[in-house]
Protein chains: 2
Amino acid sequence: MRKAVVLLSGGLDSATVLAIARQQGFACHALSIDYGQRHRAELDAAVRVASALGAVEQKTVVIDLGAFGGSALTDDNIAVPTGGVQQNEIPVTYVPARNTIMLSLALAWAEVLGAQDLFFGANAVDYSGYPDCRPEYMRAFENMANLATKAAVEGRRLTLHTPIISMSKGRIIEQGLALGIDYGLTVSCYQADSGGRACGVCDSCRLRTAGFAAAGVPDPTRYRPDRVR
Amino acid sequence: MRKAVVLLSGGLDSATVLAIARQQGFACHALSIDYGQRHRAELDAAVRVASALGAVEQKTVVIDLGAFGGSALTDDNIAVPTGGVQQNEIPVTYVPARNTIMLSLALAWAEVLGAQDLFFGANAVDYSGYPDCRPEYMRAFENMANLATKAAVEGRRLTLHTPIISMSKGRIIEQGLALGIDYGLTVSCYQADSGGRACGVCDSCRLRTAGFAAAGVPDPTRYRPDRVR
């Protein structure tokens, strides 16, 4: 069976990508990155999701991106916005070079495993304000990766799969449900509490909530009791 | 003064690159990566070198690449070779995707600082067996980086400088000495002891020793007393 490294945050999107990679027949090695994000409960969810969806193994690598600052997700001095998603603007929840760093780590693991496939749950629809969620960025990363490694130089080319990059949130959820995902296991909130309960008002919660509505299915998210509706 | 992020290992090559960046007038922010390498003394050297060469600040970011294994530099079960450099072969001291990960972290810090210049001491002559030391890799990384960040999307392009990529070790040393570097502060050995004393027989030591001989200057390296000559 071909091996793949799947970046797994513990959120809805990456869980769906893991299920897609499994359905395509890959032996999936799930990689989660603890980059100092506020939403630690997402990492706990990653462990549960990897197990529920049949990953071969799951690894969490720690790297303190908070050392650089510059994002609401890693810097306690910058508030997570809760006023609704602004289109055509890069939000303060953007973490500088985060996707490049995560993909680089996935690349390292893939080379050690002898895997030639990376799966990544980037989405250019919801995250239109994030430069490193765009298809042209993904192609440039894949091109660079194929010059970076011993494997590539020896002819074993690497493919970066981004199967949900052009899907709406509703479509992603429909796909995942068809593949049997229990989205109640996933945590997407930027400021979930330690029990994994969502705030309901950050950008990530708003996108997720709207996605279940668009898909016409019940929202299995556990919200904090003090949620403002 | 324009800001630059300079990757600084504490070795001879990156110290020279820091001196070059300073001479070009950059305010230099030195970034060292603790990736679980055996040669910890190199990181202590990075602190001394940054200070001696007038960096604005020096930061060490920790990331455990040993979690993936696959290299003699991070895996205690793989011995560091001491039998001499083999050309046209990728050595076991190659760390999978190491340069991609280090450059990604430099990119993140550059974006937070508002810096548009990265300096990296890659060398395609000595490390001809490392795929991620080649000029074509560097161009692909720069291209990817310019699609990855908010800064680049907003028109502040990033330049990846690799000033010593085509220089012989002897030429690098001549350059550095002309810029006033005390190479006695640097540590290049893959298995230096905790005091920073070099083994004299690993590939990195062999290249360094030969470099001082080629430059026709005394070798200021402190060697371990049990060095085999």
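This is a predicted model, so every value here is computed, not measured.

Conventions we followed
- Residues numbered from 1 in each chain as written.
- Chains lettered and ligands numbered in written order.
- Predicted model: local features only at pLDDT ≥ 70, side-chain atom pairs only at ≥ 80, totals over all residues.
- Helix = DSSP H or I, 4+ residues; strand = E, 2+ residues; numbered from the N terminus.
- Rg over C-alpha atoms; globule rule 2.2 N^0.38 Å.
- Buried ≥ 20, exposed ≤ 12 C-beta atoms within 10 Å, placed from the backbone.
- Contact = placed C-beta atoms within 7 Å.
- Expected span 1.5 Å × (residues − 1).
- Nonpolar A, V, L, I, M, F, W, Y, C, P; charged D, E, K, R; others polar.
- Least-squares fit on C-alpha atoms with pLDDT ≥ 70 in both.
- Axes fitted to C-alpha atoms, helices over the stretch in contact; angles between N-to-C directions.
- Parallel < 35°, antiparallel > 145°, perpendicular 65-115°, else oblique.
- Left-handed = near helix turned anticlockwise from the far one by under 90°.
- pLDDT = per-residue confidence, 0-100.
- Pairing = 2+ DSSP bridges.
- Right-handed = clockwise from strand over helix to strand, strands pointing away.

Before going further, it helps to spend a moment on the overall build of chain A. Helix and strand counts for chain A come out as 7 helices and 5 strands. Computed over its C-alpha atoms, the radius of gyration of chain A comes to 17 Å, within 12% of the 17 Å expected for a compact globule of 229 residues. A principal-axis box enclosing the C-alpha atoms of chain A has dimensions of 55 × 40 × 30 Å. Out of the 229 residues in chain A, the part that is buried amounts to 52%. Taking all contacts inside chain A whose residues are at least 6 apart in sequence as the whole, residues at least 24 apart take part in 72%.

The subject of this paragraph is helix 2 (residues 41-52) of chain B. All names here are of chain B. Over its 12 residues, helix 2 extends 17 Å from the first C-alpha to the last, a length consistent with the 16 Å expected when each residue adds 1.5 Å. Taken together, the buried positions of helix 2 are occupied by A41, E42, A45, A46, V49 and A50. The elements touched by buried residues of helix 2 are helix 1 (12-23), strand 2 (27-34) and strand 3 (57-62). Trailing helix 2 by a residue or two, G54 shows a phi angle of about 75°, which is positive.

A few words now on the interface of chain B and chain A. Facing the 37 residues of chain B at the interface are 37 residues of chain A. Ranked by residue count, the leading element in the side of chain B that touches chain A is helix 3 (residues 98-113) of chain B, at 9 residues. A per-class count over the side of chain B that touches chain A returns 25 nonpolar, 6 polar and 6 charged.

The two copies are related by a screw operation: chain B maps onto chain A through 180° of rotation and 0.0 Å of translation along the axis, at an RMSD of 0.0 Å. The relationship between the two copies is best expressed as a two-fold rotation axis. The rotation axis passes nearest to the C-alpha of I63 of chain B in chain B, at a distance of 2.6 Å. Both copies present the same face, since 100% of the interface residues in chain B are matched by interface residues at the equivalent positions in chain A.

Another aspect to go through is the packing of helix 1 (residues 12-23) of chain A against helix 6 (residues 169-178) of chain A. Residues and elements named next belong to chain A. Two numbers describe how helix 1 lies on helix 6: the axes approach to 9 Å, and their chain directions differ by 45°. It follows that helix 1 is oblique to helix 6 by the angle criterion. In this structure, the crossing between helix 1 and helix 6 has a hand that is left-handed. Every residue of helix 6 that contacts helix 1 at L12, D13, A15, T16 and A19 is listed here: I172, Q175 and G176. Counted by class, the contact of helix 1 with helix 6 contains 4 nonpolar, 3 polar and 1 charged residues.

Checked against the element boundaries, L207 of chain A lands in helix 7 (residues 203-215). In this structure, the C-alpha to C-alpha distance between L207 of chain A and A97 of chain A, residues 110 residues apart in sequence, is 22 Å.

Summing up the model confidence of chain A, the mean pLDDT is 89 and the portion of residues at 70 or higher is 94%. As scored by the predictor, the complex reaches a pTM of 0.91 and an ipTM of 0.90.

This part covers the pairing of strand 2 (residues 27-34) of chain A. All names here are of chain A. Counting buried residues in strand 2 gives 6 out of 8 residues, a clear majority hidden from the surface. As judged from the 5 bridges shared by strand 1 (residues 3-7) and strand 2, these two strands associate in the parallel manner. Within the sheet, the bridge partner assigned to A4 lies in strand 2 and is C28. The handedness of the strand 1 to strand 2 crossover, carried by helix 1, is right-handed. Relative to strand 3 (residues 57-62), strand 2 is paired through 6 bridges, and the arrangement is parallel. Counterpart to H29 in the pairing with strand 3 is E57. Viewed along the sheet, the connection from strand 2 through helix 2 (residues 41-52) into strand 3 turns out right-handed.

Residue and element names in this part refer to chain A. Read from one edge to the other, the open sheet built from 5 strands follows the order 3-2-1-4-5, with strand pairing classed as parallel. The two strands at the open ends of the sheet, each matched to only one other strand, are strand 3 and strand 5 (159-161). Shown here is a sheet whose adjacent strand axes are inclined to one another by a mean of 25°, direction ignored. Sheet topology note: the strand 1/strand 4 (residues 117-119) ladder contains 3 bridges and is parallel. Pairing of V6 across the sheet is with F119, part of strand 4.

Let us now look at the packing of helix 6 of chain A against helix 7 of chain A. Residues and elements named next belong to chain A. As a packed pair, helix 6 and helix 7 sit with axes 7 Å apart at the nearest point and diverge in direction by 65°. Considering the angle they form, helix 6 stands roughly perpendicular to helix 7. The handedness of the crossing between helix 6 and helix 7 is right-handed. Every residue of helix 7 that contacts helix 6 at K169, G170, I172, I173 and E174 is listed here: L207, R208, A210, G211, F212, A214 and A215. Taken together, the residues of the contact of helix 6 with helix 7 sort by class into 7 nonpolar, 2 polar and 3 charged.

Residues and elements named next belong to chain B. Taken together, 5 strands build an open sheet; the order of strands is 3-2-1-4-5 and the sheet is parallel. Across the chains shown, the open sheet's two edge strands, defined by having one partner strand only, are strand 3 and strand 5 (159-161). Neighbour-to-neighbour, the strand axes of the sheet open up by a mean angle of 25°, direction not taken into account. Strand direction decides the pairing type here: strand 4 (residues 117-119) and strand 5, joined by 3 bridges, are parallel. Opposite F119, over in strand 5, you have H161 as the bridge partner. Where helix 2 meets the sheet, its contacts fall on strand 2 and strand 3, and the angle it forms with strand 2 comes to roughly 175°.

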